[in-house]
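A closer look at the structure
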Amino acid sequence: MNKETHIREIHIHNLDQFEILKALKQDPKNEYCMLLDSSMYNHDIGKYSFLSFNPHTIIYSKNHELWINDIKEPPHTNPLLKFQELLDLHKNQDKHQENPENPETPLSSGAIGFMAYDMYIHTEPKVPAHQNDPINFLDMFFAFSVNIITINHETGLAYVNEDIADYVENTILNYKNKTSAQTLNQATPPSKDYKFTSFKNIVDKQSYTDAINNIKDNIKNGEIYQANYTQLFETSCIKNQSKHKQQISSHMALDIYHKLRRKNKAPFSAYLDLEDHGKILSSSPERFIKVSHNNIETRPIKGTIARDKKNKHQDDINKNTLLSSEKDKAELLMIVDLERNDLSKVSEAGSVKVENNFKLETYETVHHLVSTVKGKLKNNTNIYDILKATFPGGSITGTPKRRSMEIINNLETQKRGVYTGLIGWYDYHNNFDSSIVIRTIIIKDNKAYIQSGGGITWDSLALMEYEESLLKSQILKEIFNND
């Protein structure tokens, strides 16, 4: 592994990143196929997509146990510290040379994966771990690979390490030749072999509104200023015309993800195939942390209102309603202050600044308010230091962070799991980009899970917060309709 790897521009024959993923998955030798998918192009946050496959190293954890390449580590090994050790180890082993004609290939070798929200036990250890785990998913998974395809959406060009360039080009070309032009990028017709049951709320409406009122009582008593409360929904896959359970196959998961990325385009979409561990299908609009050349950035989102794509006049009214909402701006401002504090722990004194405060951004089904917080990292700050200071994100916990997390833990009936954790890529030179895991489907065995919620402040109305949670989940639920 101790060699330079040169980057080569490759031909992708006008296929988008999802079709390239499908091409790679048609080769049974390709394992742990990962797609970080900018399905909604944006110059600032949707410039690149990355595909990774056949990693040389995997690291994953579950229930305080850790494995590297399926070999169990000693008890009580800190997975975040071990992750940092692997990044440091490969920094010297995977020396890559950027293509001089395209200096912006930000990831030619590195790690792609996720950390569940419940990894907070390693960053906020005073907050007790939640014991109820209905999904029983991994807590962390990262795949280290030199087999990474980078697609620059600004230029339409793609790059890969020279060692596998011929294989990738031939795989893509063979797939295109075998696939008719009519079916490329088209939705798969609904299967008549299986269907999904109606989504089941784990928390009923009364319990949800009671929890929100409990949070407001804590705000009234001066314990917190706000907290993010969420709920879980689940559906089962069954064989059609029967009640027998049906495993959700890789082919089915790809079809579900295809619908998700068409119906809810987002700059931080992702398809993570963890093989037997399950699959993660995400369409998040929210950046958690980005680090590039010692500059650190986060983009918290607070404030949501539905789009009206059929009525521009009403849609403009909705936008103005959100922009003039004192409740939503106050909620975002509190989180911005929290994020400034978190970034200040690892940034040079005086370097943390807020840009584009209360910016309105439009997505497929909703409008959001977004702010950007930036800083300059202190010297010798590594990824573990950054995660220790910032994870989990303030926009999905509350403020003050630790106390809001304790209240969340008491009120939510189960572990959050992957939801509100992070998905991202990491290179070996302290650069990375990551999303907050929202608008996401978790697939495990014959079930699919989605979660949604929102930030609760003193001005929150319990019933309206419940309705907002349903609004955020509805677009994901519709994907499972057999139509």
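Residues numbered from 1 in each chain as written. Predicted model: local features only at pLDDT ≥ 70, side-chain atom pairs only at ≥ 80, totals over all residues. Heavy atoms only, no water.

**Section: the packing of aromatic side chains**
Any aromatic ring pair is given by two values, namely how distant the centres are and how the planes are angled relative to each other. Evaluation of the coordinates by the stated rule reveals 22 aromatic pairs. On the basis of an interplanar angle of 85° and a centroid distance of 5.5 Å, the ring pair of Phe142 and Tyr426 is categorised as edge-to-face. Pair noted here: Phe142 is in strand β9 (residues 140–145) and Tyr426 is in strand β23 (residues 422–426), with a separation of 284 residues, a long-range link. The class of Phe142 is buried, set by a relative accessible area of 0%. The buried category is assigned to Tyr426, whose relative accessible area is 0%. A connected cluster of aromatic rings, assembled from ring pairs, spans Phe83, Phe142, Phe144, Tyr426, Tyr428 and Phe432. For the cation-ring pair, Lys216 lies above Trp458, with the distance from its terminal atom to the ring centre recorded as 5.2 Å. Between the NZ or CZ atom of Lys477 and the centre of the ring of Phe233, over which it lies, the distance is 3.8 Å. (Phe/Tyr/Trp six-rings, centres within 6.5 Å; stacked < 30°, edge-to-face > 60°. Helix = DSSP H or I, 4+ residues; strand = E, 2+ residues; numbered from the N terminus. Buried < 20%, exposed > 50% of the residue type's maximum accessible area, 1.4 Å probe, protein only. Lys NZ or Arg CZ within 6 Å of the ring centre and 35° of its normal.)

**What to know about the side chain of Ser39**
Along the polypeptide, Ser39 turns up in the loop between β2 (34–37) and β3 (48–52). Residue classification places Ser39 among the buried residues on the basis of a relative accessible area of 13%. Of the polar contacts made by the side chain of Ser39, one reaches the backbone oxygen of Ala266; its length is 3.1 Å. A polar side-chain atom of Ser39 sits 2.8 Å from a polar atom in the side chain of Ser269. If sequence neighbours within four positions are ignored, Ser39 has contacts with Gln17, Arg261, Lys265, Ala266 and Ser269. (Polar contact = N/O pair within 3.5 Å; in protein donor to acceptor, adjacent residues only side chain to side chain. Contact = heavy atoms within 4.5 Å.)

**A look at the confidence of the model for the chain**
In this model, the chain carries an average pLDDT of 91, and 94% of its residues clear a pLDDT of 70 or more. In the predicted structure, residues 97–102 sits below a pLDDT of 50 and forms eleven contacts with residues beyond four places in sequence or in another chain. (pLDDT = per-residue confidence, 0-100.)

**Topic: the pairing of strand β16 (residues 279–284)**
Working note: regular strand, side chains alternate between the two faces of the sheet. Judged by how many residues are buried, β16 sits mostly within the fold: six of six residues are covered. With six bridges connecting them, strand β15 (residues 268–273) and β16 associate as antiparallel partners. Within the sheet, the bridge partner assigned to Asp273 lies in β16 and is Lys279. The turn joining β15 and β16, which pair antiparallel and follow one another in sequence, is formed by five residues; a positive phi near 55° is taken by Glu275. Relative to strand β25 (residues 440–444), β16 runs antiparallel, the two sharing four bridges. Along β25, the bridge assignment pairs Lys279 with Ile443. (Pairing = 2+ DSSP bridges.)

**A short note on the environment of Ser145**
Looking at the element boundaries, Ser145 is found in strand β9. Accessibility expressed as a relative area gives 0% for Ser145, which makes it buried. For Ser145, the residues in contact, after removing those within four places along its chain, are Ser52, Phe53, Asn54, Pro55, His56, Ser109, Gly110 and Tyr428. There is a polar contact of 3.0 Å between the side chain of Ser145 and the backbone oxygen of Phe53. A distance of 2.8 Å separates a polar atom in the side chain of Ser145 from the backbone nitrogen of Asn147.

**Considering the pattern of salt bridges**
Within this structure, the stated rule accounts for 38 salt bridges. We note a salt bridge from Asp166 to Arg8, for which the minimum N-O separation is 2.7 Å. Linking Asp166 in helix α3 (residues 162–178) with Arg8 in strand β1 (residues 5–10), this pair joins segments that are 158 residues apart in sequence. A relative accessible area of 47% means that Asp166 is categorised as partly exposed. The salt bridge partner of Glu169 is Arg8, with a shortest N-O separation of 3.3 Å. In this pair, Glu169 sits in helix α3 while Arg8 sits in strand β1, placing the two residues 161 residues apart along the sequence. We classify Glu169 as buried; its relative accessible area is 16%. Overlapping salt bridges bring together Arg287, Glu297, Glu355, Lys374 and Asp433 as one network. (Salt bridge = Lys/Arg side-chain N within 4 Å of Asp/Glu carboxyl O.)

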